[in-house]
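Structural description and commentary
Chain by chain, the residues:
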Amino acid sequence: MSLFKDMLGADESLFKNDVALDYSFLPKILPHREQQQRHAATCIKPLLVGKNGRNLFIYGAPGIGKTAAIRHVLNELEEETDEIFPIYINCWQKNTSFKIITEICEQLGYKLTHNKRTEELFEIAKGILNKKAAVFAFDEVDKLEDFDFLYTILEEIYRKTIFLITNYPDWFSDLDERVKSRLMSEALEFKPYTAAETKNILKQREEYAFYPGVWGSDAFELIAQKTASVQDIRTGLHLMREAGNLAEEKASRKITLEHAKSALEKADSFTIKESSELAEDEQAILDIVKNNSDSKIGDLYSIYQKNGGKLVYKSFQRKIDKLEKNKFVNVKKTQGGKEGNTTIVKYATKTKKLTEF
Ligand SMILES: Nc1ncnc2c1ncn2[C@@H]1O[C@H](COP(=O)(O)OP(=O)(O)OP(=O)(O)O)[C@@H](O)[C@H]1O
Ligand SMILES: [Mg+2]
């Protein structure tokens, strides 16, 4: 009987390699970021001929390839030469000088970091690094709690390139003057991808992650369009995985428009970063917004202070900004009115429906 002919068997899958939809997956070729990778490479180039490198401040919205592009450059560098140490650190995870120096030591292969102070660890790292040259990529730098390590690297590591990566264009101008003047950094902006670029990028991921021919072209098109409108590749990766899972649940051999639509609806409550990834103070601020949704930012700040919050108002605003960029809260600016300009912050229980974009 052919009743089950068109159905997907229990041991069959539409996914050839679903790891390729992970946010941390790095494709071999990174389309539409060639220029930015070249710019980063130019900053490193002097290191290859025994000179000092240049530093680069990199900024742009979430999910548009900043981390991917820089990791790519570091990987290529590693293949090209043994004379330069490539060091990548996510400052969300390692947010103090001590944690960063410990991590640098470990990446350099020095494992006996236990019970050592920051200064001792730095001396060890310095001894290794100054035998050669180094490229440091500090990602999500707006999460840093102190900059001592940066100052020390600038002063004491002779041949280096430093990349600083963030979502915030004005983060750099708020930096300590001593660090800023030593960095002498150029800036590189990552702009969101165009609709056509977004589609290409997702197409490439489709080929990595799914068996050929499983995607209906209208289903793929819908997800590509939504991704382009939210300007964040992570959304597309998430939706592709969801649509694939939904199709599999229905034992369908194809991912149809209907599956893509259901994935969009399901993505209703989807936030780009998991709230468990938030630093402690951000979680505390998010809780305040949650319990006082639709309040003025000034009032939220007062509550934050009453609860013992230590950040100055400007930093608090920046945290709210970051929460907004990652879609945990919505911010509405109202102009005029009897109280002048105010900012109203709303908790995004269910973040904006992707279908609403
Ligand atoms: N040009 C591209 N080609 C292929 N994949 C890409 C490209 N740009 C981004 N991606 C993929 O999209 C996802 C998000 O990219 P990435 O992590 O680099 O974003 P980001 O700009 O660093 O965002 P954030 O500011 O939130 O850290 C990753 O899985 C990445 O591999
Ligand atoms: Mg990133």
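My aim in this report is to walk through the structure given alongside it, one point at a time. Just so we're clear, the structure is a prediction, and the values are computed from it rather than from any experiment.

Okay, the pairing of strand 4 (residues 160-166) next. Across the seven residues of strand 4, seven count as buried, placing the element largely inside the fold. Across the two faces of strand 4 the burial is the same, with Lys 160, Ile 162, Leu 164 and Thr 166 and Thr 161, Phe 163 and Ile 165 all buried. Relative to strand 4, strand 3 (residues 133-139) runs parallel, the two sharing five bridges. In the strand pairing of strand 4, Val 135 is matched with Thr 161. Taken together, strand 3, helix 5 (residues 148-156) and strand 4 form a β-α-β motif whose crossover is right-handed.

Attention now moves to the environment of Ser 252. With respect to the helices, strands and loops of the structure, Ser 252 is situated in the loop between helix 9 (233-249) and helix 10 (257-266). Between the C-alpha atoms of Ser 252 and Ile 288, which are 36 residues apart in sequence, the distance is 44 Å. Among residues more than four places away in sequence, those in contact with Ser 252 are Leu 8 and Ala 247.

Right, let's get into the nonpolar core. Grouped together as the largest cluster of nonpolar side chains are 41 residues, with contacts concentrated most on Val 135, Phe 136, Ala 137 and Phe 163. Those residues in contact with Phe 163, other than ones at most four positions away along the chain, are Ala 40, Leu 56, Ile 58, Ile 70, Phe 136, Ala 137 and Phe 138. Core analysis: the second largest hydrophobic core is formed by 27 residues, Ala 209, Ala 219, Ala 247 and Ala 263 among them.

As a further point, take the sheet that holds strand 8 (residues 342-347). The antiparallel open sheet is built from three strands, whose spatial order is 6-8-7. In this open sheet, the two edge strands, each paired with only one partner strand, are strand 6 (295-296) and strand 7 (329-334).

Now for the sheet that holds strand 4. Spatially, five strands are ordered 2-3-4-1-5 in an open sheet, and the strand pairing comes out parallel. Looking at which strands have only one partner, the edges of the open sheet turn out to be strand 2 (84-90) and strand 5 (186-189). Between one strand and the next, the sheet's axes are offset by a mean angle of 15 degrees, whatever the strand orientation. Inspection of the sheet shows strand 1 (residues 56-59) paired to strand 4 by four bridges, in the parallel sense. Paired with Ile 58 across the two strands is Ile 165, which belongs to strand 4. The strands touched by helix 1 (residues 34-48) within the sheet are strand 1, strand 2, strand 3, strand 4 and strand 5, with strand 4 carrying the most contacts at an inclination of about 150 degrees.

Here the focus is the packing of helix 7 (residues 195-209) against helix 8 (residues 217-230). The relative placement of two packed helices comes down to the angle between their axes together with the axis-to-axis distance. Relative orientation of the contacting elements helix 7 and helix 8 amounts to 130 degrees, with a least axis distance of 9 Å. Here helix 7 lies oblique to helix 8, going by the angle between them. The interaxial crossing formed by helix 7 with helix 8 has right-handed handedness. Residues Ala 195, Thr 198, Lys 199, Leu 202 and Glu 206 of helix 7 lie in contact with helix 8, whose contacting residues are Phe 220, Ile 223, Ala 224, Thr 227 and Ala 228. Looking at the contact of helix 7 with helix 8 residue by residue, the classes come out as six nonpolar, two polar and two charged.

About the criteria used
- Residues numbered from 1 in each chain as written.
- Chains lettered and ligands numbered in written order.
- Predicted model: local features only at pLDDT ≥ 70, side-chain atom pairs only at ≥ 80, totals over all residues.
- Buried ≥ 20, exposed ≤ 12 C-beta atoms within 10 Å, placed from the backbone.
- Helix = DSSP H or I, 4+ residues; strand = E, 2+ residues; numbered from the N terminus.
- Pairing = 2+ DSSP bridges.
- Right-handed = clockwise from strand over helix to strand, strands pointing away.
- Contact = placed C-beta atoms within 7 Å.
- Core = buried A, V, L, I, M, F, W, Y, C linked by C-beta atoms within 7 Å.
- Axes fitted to C-alpha atoms, helices over the stretch in contact; angles between N-to-C directions.
- Parallel < 35°, antiparallel > 145°, perpendicular 65-115°, else oblique.
- Left-handed = near helix turned anticlockwise from the far one by under 90°.
- Nonpolar A, V, L, I, M, F, W, Y, C, P; charged D, E, K, R; others polar.

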